[in-house]
Amino acid sequence: MANPDDNARTEKKYVRTFIFSMRTGTPVEKLHVITKVFMIVAFSILTLYMFDIPVSQGGPDIIGLFLMMALTFILLAISRTAKYLVTSYLVLSIPVLLAQFFWWLFFSESLPGAKMTFYLWPGFLPIGISTVVLVVTFVLVYLKTRSIFVSLTPALLLWWFTVMPSVLSYSPLATWFKFPLGGAYSFSLPQWSAYVGFAKALGYGVLIYTSFLFLLTTRDAEIGGALRQLRVSFRKAFFVMLMFRNLNTILLDYESIRMAQVARASTVIRSGILSRMKDLAYVSIPLVATMIRRSTEMGVALYARGFEASKGMTDYKETKRLSSIDYMIMGILVAFLIYEVILGHSITALFVR
Amino acid sequence: MSVLEVNGFWWKYRSYVGAENPYTLRDLTFKVNKGDFFGIIGPSGAGKTTLCYALTGIIPHVFNVPYGKEREHVKGEIKLFGQTLTKVEAVTDGKTGKTADKIVGMKQTAPRVGLLLQDPENQFLRMDLLHEISFGMQMLQLPESEIEKRAKEALEVVGLGSLWPIADLVHPNELSGGQKQRAAIASFIALRPELLVLDEPMSNLDPEGKLSIIKAIDSIRNQYDLTIIVVEHNPEVIQKYANKVLAMNNGQAIAYGTTEEVYSQSKLFEENGLYASDITRIGWQSGLSYQGRVPFTVDEMLEAFESKKETILTDIEDDPPPENAEEIISIKNLDFSYEDGTQALKGVNFTIRKGEYVGLIGQNGAGKSTISKVISGLYKNFQGEAKVMGLNLRDRKVIQKIPCYVGYVFQNPDNQIFMRKVYDEVAYGLKNLKIPQQEIDQRVNEALKSVGLLAKINEDPMFLGKGEKRRLTVASILAMNPKIMIVDEPTTGQDFRMSEDIMDLLEELNKSGTTILAITHDMTLVSEHTKRVIVMHEGSVLYDGSTRGFFADEVLLEIAGIIPPMAVRFSHAYMKKHPSSPCFINTKEWVTALNHQEETA
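Cut-offs and rules
Residues numbered from 1 in each chain as written. Chains lettered and ligands numbered in written order. Predicted model: local features only at pLDDT ≥ 70, side-chain atom pairs only at ≥ 80, totals over all residues. Helix = DSSP H or I, 4+ residues; strand = E, 2+ residues; numbered from the N terminus. Buried ≥ 20, exposed ≤ 12 C-beta atoms within 10 Å, placed from the backbone. Rg over C-alpha atoms; globule rule 2.2 N^0.38 Å. Contact = placed C-beta atoms within 7 Å. pLDDT = per-residue confidence, 0-100. Nonpolar A, V, L, I, M, F, W, Y, C, P; charged D, E, K, R; others polar. Pairing = 2+ DSSP bridges. Axes fitted to C-alpha atoms, helices over the stretch in contact; angles between N-to-C directions. Expected span 1.5 Å × (residues − 1). Arc of directions from axis to C-beta. Domains from an automatic or database assignment. Parallel < 35°, antiparallel > 145°, perpendicular 65-115°, else oblique. Left-handed = near helix turned anticlockwise from the far one by under 90°.

### Quick word on the overall build of chain A
Along the backbone of chain A there are 14 helices and 6 strands. Burial statistics for chain A: of 353 residues in total, 30% are counted as buried.

### Some details on the overall build of chain B
A tally of helices and strands in chain B yields 24 helices and 21 strands. Over its C-alpha trace chain B gives a radius of gyration of 26 Å, about what one expects of a compact globule, namely 25 Å for 601 residues. Its C-alpha atoms give chain B principal-axis dimensions of roughly 85 × 65 × 55 Å. The 601 residues of chain B split such that 52% are buried. Summarising the internal contacts of chain B: among those between residues at least 6 apart in sequence, 66% fall at separations of at least 24.

### Details of the environment of B:Ala167
All names here are of chain B. Of note, Ala167 is situated in the loop between helix H6 (144-157) and helix H7 (177-189). When the 20 C-beta atoms within 10 Å are taken as the criterion, Ala167 is described as buried. Setting aside its immediate chain neighbours within four residues, Ala167 contacts Asp128, Leu129, Leu130 and Leu155.

### As for unusual backbone geometry
Residues and elements named next belong to chain B. The linkage connecting Ile59 with the following residue, Pro60, adopts the cis geometry, with an omega of 5 degrees. The residue Pro60 is located in helix H2 (residues 58-61) in this model. The omega angle of the peptide bond from Ala110 to Pro111 is 5 degrees, so this bond is cis rather than trans. Along the chain, the position of Pro111 falls in the loop between strand S6 (99-104) and strand S7 (113-116). The phi angle at Phe81 is positive, at roughly 50 degrees, despite the residue not being glycine. Mapping Phe81 onto the fold places it in the loop between strand S4 (74-80) and strand S5 (83-92). Given 17 C-beta atoms within 10 Å, Phe81 falls into the partly exposed group. With a phi close to 60 degrees, Gln141 is a non-glycine residue in the positive phi region.

### Observations concerning the confidence of the model for chain B
Residue and element names in this part refer to chain B. Overall, the prediction assigns chain B a mean pLDDT of 90, with 97% of residues at 70 or greater. Predicted confidence in chain B is weakest over helix H24 (residues 587-600), with a mean pLDDT of 77, and strongest over strand S2 (residues 25-33), with 97. For this predicted complex, the interface confidence reaches an ipTM of 0.86, while the overall pTM sits at 0.84.

### A few points about the interface of chain A and chain B
The interface is formed by 52 residues belonging to chain A together with 58 residues belonging to chain B. Where the side of chain A that touches chain B is concerned, the elements lending two or more residues are helix H1 (4-11), strand S1 (14-16), helix H10 (220-229), helix H11 (234-263) and helix H12 (273-304) of chain A. For the side of chain A that touches chain B, a count of residues per class yields 27 nonpolar, 11 polar and 14 charged.

### A closer look at the sheet that holds strand S18 (residues 484-488) of chain B
Residue and element names in this part refer to chain B. The strand order S17-S18-S19-S14-S20-S21 describes an open sheet built from 6 strands, whose pairing is mixed. Bordering the open sheet on either side are strand S17 (406-409) and strand S21 (540-546), each of which pairs with just one other strand. Averaged over neighbouring strand pairs, the angle between their axes works out to 15 degrees when direction is ignored. In terms of strand pairing, strand S20 (residues 532-537) meets S21 through 6 bridges, oriented antiparallel. When the sheet's bridge partners are listed, Ile534 is paired in S21 with Asp544.

### Points about the sheet that holds strand S16 (residues 391-392) of chain B
Residue and element names in this part refer to chain B. Taken in spatial order, the 4 strands of this open sheet run S13-S12-S15-S16, and their pairing is antiparallel. Both edges of this open sheet fall to strand S13 (343-353) and S16, since each of them pairs with a single strand only. Both strand S12 (residues 327-337) and S13 contribute to a ladder of 7 bridges, which runs antiparallel. The residue bridging Glu327 from the neighbouring strand is Arg353, located in S13.

### Considering helix H7 (residues 129-145) of chain A
Residues and elements named next belong to chain A. With 17 residues, H7 should reach 24 Å at 1.5 Å per residue; the first-to-last C-alpha distance of 24 Å fits that figure. Ser130, Leu134 and Thr137 are the residues of H7 that are buried. Each buried residue of H7 lies within a common arc of 80 degrees when the element is viewed along its axis, so the set occupies one face. Facing away from the buried side of H7 by over 90 degrees, the exposed positions are Val135, Val136, Val139 and Leu143. Backbone geometry just downstream of H7 places Arg146 in the positive-phi region, at approximately 60 degrees.

### So, the domain arrangement of chain B
All names here are of chain B. For chain B, the assigned domains are domain 1 (2-112 + 193-261), domain 2 (277-309 + 566-601) and domain 3 (327-565). Distance between the C-alpha centres of domain 2 and domain 3: 33 Å. The element that contributes the greatest number of residues to the side of domain 2 that touches domain 3 is helix H23 (residues 566-577), accounting for 5 residues. Each residue belonging to the side of domain 2 that touches domain 3 can be placed in one class, and the counts come to 5 nonpolar, 2 polar and 3 charged.

### Overview of the pairing of S5(B)
Residue and element names in this part refer to chain B. Sheet topology note: the S4/S5 ladder contains 3 bridges and is antiparallel. Directly across from Leu80, in S5, lies its bridge partner Gln83. Two successive antiparallel strands, S4 and S5, enclose a turn made up of 2 residues, where Phe81 displays a positive phi of approximately 50 degrees. In this sheet, S6 lies alongside S5 in antiparallel orientation, the contact comprising 6 bridges. By the bridge assignment, Val91 is partnered in S6 with Ala100. Taken together, S5 and the strand that follows it, S6, pair antiparallel across an intervening segment of 6 residues, in which Gly97 is found at a positive phi of about 80 degrees.

### Observations concerning the packing of helix H3 (residues 33-51) of chain A against helix H13 (residues 324-342) of chain A
All names here are of chain A. Viewed as axis vectors pointing N to C, H3 and H13 meet at an angle of 15 degrees, and their least axial separation amounts to 10 Å. Between H3 and H13, the interaxial angle falls into the category roughly parallel. As H3 runs across H13, the sense of the crossing is left-handed. The residues of H13 that touch H3, namely those facing Thr35, Phe38, Met39, Ala42, Ile45, Leu46, Tyr49 and Met50, are Asp326, Ile329, Met330, Leu333, Phe336, Leu337, Glu340 and Val341. Tallied by class, residues from the contact of H3 with H13 come to 13 nonpolar, 1 polar and 2 charged.

### Examining the pairing of S20(B)
For a regular strand, side-chain orientation follows a simple rule: the groups alternate between the two sheet faces. All names here are of chain B. The element S20 is largely enclosed, with a buried count of 5 among its 6 residues. As judged from the 4 bridges shared by strand S14 (residues 357-361) and S20, these two strands associate in the parallel manner. Counted as the bridge partner of Leu360 is Ile534 from S20. Remark: 2 residues form the turn of the hairpin made by S20 and S21, two consecutive strands paired antiparallel; Glu538 in that turn has positive phi of roughly 50 degrees.

Listed below in structure tokens is the structure:
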């Protein structure tokens, strides 16, 4: 007959983590926090190293970066947190990574002898396909939103992106008229820039999602236990633990405050980015007030449980040993580090050759 | 043997900005004996929480005072277990030989004393129940086996034994309101304290949750020979369990003695805005007495009444429901599930007409807040039909406009005040609606006037009192002229007078045409103010009809897990002996019926 205690444990399918919840009983739940931290550190070293592989040696190790991204997402999928990441933070992280890509594209240093392929300003106002793109985008977005600002932003962006190829192509089909307007201002864009820019965005993506993996699959007891294993004093370990634990509380507080704001008609009239940012800033007033009240009461709770007078702390079901999965993942990471950093190889180069 | 002795104790908090603070505790003298169930009562701002801090040594050992001003901030003495807990003494430094005033006494009262605050969520320190219970024991450096044994035992004592197998997987915030309080109590029980101080431990719970907590506390007191000090607004709890009571106002003791002695002073309760139970209020207002004092319980009241052997008013008329008014809220077969798959609403159906004042009741987790959030457009992914003023809430464009028609006053005022000036706070919603400035000024003034806060128009809401903050949140919604107002627990944490003010305000609004939906656990409030109740139970509507009809039906009350107010319980007891009697549901009706009897006599 099945043990009722086991049944209760099977029925409890999810367990709360620093942000959101993860599935119980998966190999990721068993991962030691040290492995997760080691993964972040190893990926950081690898990413930075992979960026800097010279073009002459095959350029950034794109396949290596993809492998790291894949490992992160496999672990996220096993812990059933990938869906949450996709529906919440992915939306925020993609614009950041795109910005990173374009930043690199426009403002990276040019390599000696690189061919200039990019204009910021061609020196004349071209009328052609780009103008059609501008007008059509503006009209379509305006019909949907009825906001000049909202329509103009994507229209101008698209216009600019279409101006450049049409100017560069010197095709009479793309540019019908030219109005001379001041001198040209150009950027030199090395041939490899787009490739390197993509690698950069991918690398930072790996770091962002690995950090999320850590926050989405870790609980306070694991951090506390690991710090105690590393001989950190119980007071310091506790405060690190409390800091991470409060992430969860702050997110919940934010949700209820934002709901109160929506109930006060903050979304009734479609407002501009500035007023939305203002609304976000207003959330900080009750959020900070709540945090101050909570921290005072937590101080009282700590005193009432004898934290102040305590000389030490018993370890109770907090520390855990490294398991075979930990050794396996750390083994892969070490092998990766040796292959890429010490031996100076690149996985991409293997395929390119 | 006395556990606590407070002798002429005064305390004032240090001021970090501006003028000095006034004394929060003034000349308090009382004694708590071993095994006592000691009740502390008083209106908001009376100094009850500060007193709890002082009794556990947090004041002045954590909230300290400026150097050299010890005697100004702390006067008198508190003794705990026969030793000085707090006292200011002139102490001579062994090295320098200089004498200076110092606060002396026990720096740490844990684990012999436990302190449980009003909101257990703010006291939770860990992310799982197991470590929440074990935390104090880990601090005491008890061996692992002892921690395990005591943690399991503590959970069983508070009735959470079934959670033991998954205690390491359950986050304390996943527990229901009552379970959270039990878990917080268990975390102290495991430390085997001798004195447990509880500051309004039941204020966020439904009536049944309250009862189970207080029963658990009382059984623990007997089992472990504990002394209990409890701050509580609920007079029924104090009258039933406490043997001694201290009543406070403005930091001072206004009454101190046995429960019978304190609750016999009706004038004291009226003058200081203290809560008294329905039975006590009926006793005071009808002059009925039991063994020479006002009755405390239903049985005592029945005995007091039966001894007079007289008849009472047998007729009572209810206002007819506004049947012809337009349907303002219409919910049909509505289902709702949260992201984690928890189904919160199942096949909910009801209609609310314009101008109604409806009480939405049910146990914690019954679905009251969820359905209210659907009505106010905050929860969108529901199945079924929901219409407000004829507008379909499945239409995303309609949902955006809902705050113009439905005002939602949330439970916690601190989570809904966004501005640093009272004027701006009320104007916030109006500015979002792009209303002309002149009209904003006018509406803000009117709203603040109706809640009695006009004089504070330029003040920072952060510095308003608890009741004032609550009224400000009502004004902020009021200014938006909603057709429907949803008020979530309007009286939680408020003293008697504040609650009355808020309820009078809602009644006035209702009379002027606003439809009101009040979510509450306060059954006395429901019985006194609402004509209709919608009772939610496990995500569905269990009953929808007259308030009297619901309270009269003992079977329904049992299924809904709702403990009716004392006035209703008195009716039930009375009706068993006099089946033809109507079910009087509040103090006012009982007093009218009883005084009618005297008039007839």
